[in-house]
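Each chain, letter by letter, is given below.
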Amino acid sequence: MEEIPFWEETYRTRDINTFPAEPNGTILEFEHLLKKDSVILEAGCGEGQNVRYLAKNGYCDIDAFDLSEAGISKLKWLCEREGLNINAFVDDLSKFHFAKSYDLVMTFATLCFVEKDEWRHFIEDAKEHTKPGGIHIIHTFTNTVPASPDIAPFAVGLADEGEILDLYSEWEVLQFKTYVFDDEHPNVPKHQHAVNKLVARKKASC
Ligand SMILES: C[S@@+](CC[C@H](N)C(=O)[O-])C[C@H]1O[C@@H](n2cnc3c(N)ncnc32)[C@H](O)[C@@H]1O
């Protein structure tokens, strides 16, 4: 039987959060750099805790996509229930076509589920389709620790340590963090992930 990732099961439920319901702390930390009319994209948004937070706080031009139909269906349901306006759609990061430029592009714990040459291409494309002064928040799992059993069958593109930083050499790096953390989800035993997290701003000259 084909293995499916653990999040698919809880994306199909309406009463269990697959991931923490709070937005990622880095968004809270750097939100002051955004104007309310910022054009925002989240790739691999899942249930949308990050984009829902931003929409609740007055950001009105938000695109969010995920490969999972169940994830996007849940996000749309949550938006309807919470009266939020987010352009949520199913798409594949490895094939994503940028039709406009953004002030913020963000992705959390998603790149590693895409082949490395494909996610590197997505990053280069996203950089081109970011306005001068625009921000990227990129959170990616690295191969510093082996992929945990819950993601191992799907983690085809774990980054090398520091690889993401190298892709932003011509941008202003506002933050780079590298760490290993203990993680837990519904129906998944405790495990560890190694992370590189980068916040970078596009220079006017780029
Ligand atoms: C570990 S979950 C993280 C979800 C969300 N970013 C968060 O931090 O809560 C990984 C997400 O990546 C999505 N994903 C995997 N491959 C993808 C692809 N090729 N394109 C878009 N999303 C993808 C999955 O459907 C899932 O929602």
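Residues numbered from 1 in each chain as written. Predicted model: local features only at pLDDT ≥ 70, side-chain atom pairs only at ≥ 80, totals over all residues. Heavy atoms only, no water.

### What to know about the domain arrangement of the protein chain
The following threshold applies: The domain limits used here are those given by an automatic or database domain assignment. Accessible area that two parts lose when put together, evaluated with a 1.4 Å probe and summed over both, is termed the buried area. Counted as a polar contact is a pair of N or O atoms within 3.5 Å, where, for protein atoms, one must be capable of donating a hydrogen and the other of accepting one, and residues adjacent in sequence contribute only when both atoms are in side chains. Secondary structure is summarised from DSSP: a helix means a run of H or I of at least four residues, a strand means a run of E of at least two, and numbering begins at the N terminus for each. Side-chain classes are defined by residue name, with Ala, Val, Leu, Ile, Met, Phe, Trp, Tyr, Cys and Pro counting as nonpolar, Asp, Glu, Lys and Arg as charged, and the others, Gly among them, as polar.
Domain annotation for the protein chain reports domain 1 (38-91) and domain 2 (102-206). For domain 1 versus domain 2, the separation of C-alpha centres amounts to 19 Å. When domain 1 packs against domain 2, close to 940 Å² is buried across both sides, 63% of that on carbon and sulfur atoms. For the domain 1 face of the interface with domain 2, the top three residues by lost area are Val39, Leu41 and Ala43, together amounting to 53%. Remark: the boundary between domain 1 and domain 2 carries eight residue pairs in polar contact (both at pLDDT 80 or more). At the level of elements, strand E1 (39-43), helix H3 (49-56) and strand E2 (61-66) are the ones that each hand at least two residues to the side of domain 1 that touches domain 2. At five residues, the largest contribution of residues to the side of domain 1 that touches domain 2 is made by E1. Looking at the side of domain 1 that touches domain 2 residue by residue, the class counts come to seven nonpolar, three polar and two charged.

### A short note on the site of the ligand
Quick note on the threshold: Throughout, the term near means that a residue has one or more heavy atoms lying within 4 Å of the molecule or strand in question. Throughout, the Shrake-Rupley method with a 1.4 Å probe supplies accessible areas, and for residues the shown protein chains are the sole cover considered. Cavities and pockets are found on a 1 Å grid laid over the protein atoms alone: a cavity is a set of points where a 1.4 Å probe fits but cannot escape, a pocket is an open set with protein on both sides within 12 Å along at least five of seven lines, and a lining residue has an atom within 4 Å of such a point. Placement in a cavity or pocket follows one criterion, namely that more than half of the molecule's atoms lie within 2 Å of its grid points.
Taken together, the neighbourhood of the ligand is formed by 18 residues, with Tyr11, Gly44, Gln49, Asp66 and Phe108 sitting nearest. Here an oxygen atom of the ligand and a side-chain polar atom of aspartate 66 are 2.5 Å apart. Its free accessible area being 600 Å², the ligand has 93% of it covered by the protein chains. Given that more than half its atoms are within 2 Å of the pocket grid, the ligand belongs to the largest pocket. Among the elements of the structure, helix H1 (6-11) and E2 are those that each provide at least two residues to the shell around the ligand.

### Quick notes on the layout of surface pockets
Here is the rule we go by: Grid points are joined across faces, edges and corners, and a volume is the space filled by probe spheres set on the points.
Of the volumes computed, that of the largest pocket is approximately 940 Å³. Around the largest pocket, the lining is made up of 45 residues, and of these Phe19, Gly44, Phe108, Ala109 and Thr110 lie nearest the centre. Put simply, the parts of the chain that give the lining of the largest pocket at least two residues each are H1, H3, E2, strand E5 (130-141) and strand E6 (172-185). Considered class by class, the residues forming the lining of the largest pocket number 20 nonpolar, 13 polar and 12 charged. As for the second largest pocket, its lining consists of 14 residues, and the residues nearest its centre are Asn17, Ala21, Glu47, Arg52 and Leu78. Elements that contribute at least two residues to the lining of the second largest pocket include exactly H3 and helix H4 (69-82). The greatest single-element share of the lining of the second largest pocket, amounting to four residues, is contributed by H4. Of the residues assigned to the lining of the second largest pocket, the class counts are six nonpolar, two polar and six charged.

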